[in-house]
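So the chains spell out like this:
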Amino acid sequence: MEKSKLIVFLGVDGSGKSTLIDYFYKKNKSNYKKIHFVPDFFRNKKNKGVLNPHKEKKRNKLFSLLKLFYWTFNIKFSEILQTFSKKNYIYDRNLSDVLIDPIRYRFSLSKKTLSFFLRMTKKPDLYVYVAGDIKKIHYRKKETSLTKLFILDKKYKSFLKNKKNKIFINGLMTKEQNYTILKNKINFLWIFSNFF
């Protein structure tokens, strides 16, 4: 049985990441399963999320560690299920986001600790970074300051710099244009999957 592929989408708030993911998923539901951040098998998520996560109070180190264990356990459980699945998996953000933007996740442990847990999880087959002109992105969604967006964009690009399995997408283009670009690149890379 062919191994299911794992695609992780990254991008700052307002980049158009979620719009592109939703559009891509809608067109490929039969072949993909969509997950936001990490799988959550043991909690019924009814809330709609926080409007501005960067203004939330950080968890202390103990609760950050417990949260990290919980995230990792869910991811590992999902990886077991994925071995029996014929579908590929799309992640709208993943644990690497905590490494890049710990404030968003109210996370207070060191990068070294998080990196240790991150190494225990399956490496994505492909990273898709949805980027664009930061000033225009900020105009779309102003909950995060322009300065913060510039810093986060730089951190994401630094994280992806030495990774060969990445695609950069201009989120300011139309979702139809980006879908075509993304689909063609994914098809090409899947053919040469030993590239990863």
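Scope of this entry: the structure provided in the associated data block. (Residues numbered from 1 in each chain as written. Predicted model: local features only at pLDDT ≥ 70, side-chain atom pairs only at ≥ 80, totals over all residues. Heavy atoms only, no water.)

1. Considering the overall build of the chain
Logical step 1: A count of helical and extended segments in the chain gives seven helices and five strands.
Logical step 2: Relative to the compact-globule value of 16 Å for 196 residues, the chain shows a C-alpha radius of gyration of 17 Å, a close match.
Logical step 3: A buried classification covers 46% of the 196 residues belonging to the chain.
Logical step 4: Taking all contacts inside the chain whose residues are at least 6 apart in sequence as the whole, residues at least 24 apart take part in 81%.
Logical step 5: Accessible surface for the chain amounts to roughly 11,700 Å². Of this, 57% is attributable to carbon and sulfur atoms.
Logical step 6: The average position of the 45 basic charges and that of the 14 acidic charges among the side chains of the chain differ by 3 Å. (Helix = DSSP H or I, 4+ residues; strand = E, 2+ residues; numbered from the N terminus. Rg over C-alpha atoms; globule rule 2.2 N^0.38 Å. Buried < 20%, exposed > 50% of the residue type's maximum accessible area, 1.4 Å probe, protein only. Contact = heavy atoms within 4.5 Å. Areas by Shrake-Rupley, 256 points an atom, 1.4 Å probe, with all protein chains shown as cover. Lys, Arg positive; Asp, Glu negative; His and termini not counted. Charge placed at Lys NZ, Arg CZ, Asp CG, Glu CD.)

2. Description of a positive patch on the surface
Logical step 1: A grouping of Lys26, Lys27, Lys29 and Lys175 is seen on the molecular surface, where their side chains present a positively charged patch.
Logical step 2: By secondary structure assignment, the location of Lys27 is in helix H1 (residues 17-27).
Logical step 3: Taking relative accessible area as the criterion, Lys27 reaches 48% and is therefore assigned partly exposed. (Patch = residues over 30% accessible without salt bridge, like charges linked within 9 Å, V, L, I, M, F, W, Y side chains within 5 Å. Salt bridge = Lys/Arg side-chain N within 4 Å of Asp/Glu carboxyl O.)

3. Let's talk about the environment of Glu79
Logical step 1: Tracing the sequence through the fold places Glu79 in helix H2 (residues 61-82).
Logical step 2: Residues Glu79 and Tyr139 lie 60 residues apart in sequence; the distance between their C-alpha atoms is 38 Å.
Logical step 3: If we ignore the near neighbours within four places in the chain, the residues touching Glu79 are Thr121 and Lys122.
Logical step 4: Side chain to side chain, Glu79 and Lys76 meet in a polar contact 2.9 Å long. (Polar contact = N/O pair within 3.5 Å; in protein donor to acceptor, adjacent residues only side chain to side chain.)

4. A few points about the nonpolar core
Across soluble globular proteins, nonpolar side chains have a tendency to be buried as a group.
Logical step 1: In terms of nonpolar packing, the biggest core is built from 32 residues, with Leu10, Leu68, Trp71, Leu95, Val98 and Phe107 touching the most fellow members.
Logical step 2: Taken together, the elements giving at least two residues each to this core come down to strand S1 (6-10), H2, strand S3 (88-92), helix H3 (96-100), helix H4 (111-118), strand S4 (126-131), helix H5 (134-140) and helix H6 (146-160).
Logical step 3: No other element matches the five residues that H6 contributes to this core.
Logical step 4: When neighbours within four sequence positions are excluded, Leu10 is seen to be in contact with Lys17, Arg93, Asn94, Ser96, Asp97, Tyr127, Val128, Tyr129, Val130, Tyr156, Phe159 and Leu160.
Logical step 5: Ranked by size, the runner-up nonpolar core spans 18 residues in total, among them Leu126, Val128, Val130 and Ile169. (Core = buried A, V, L, I, M, F, W, Y, C linked by side-chain atoms within 4.5 Å.)

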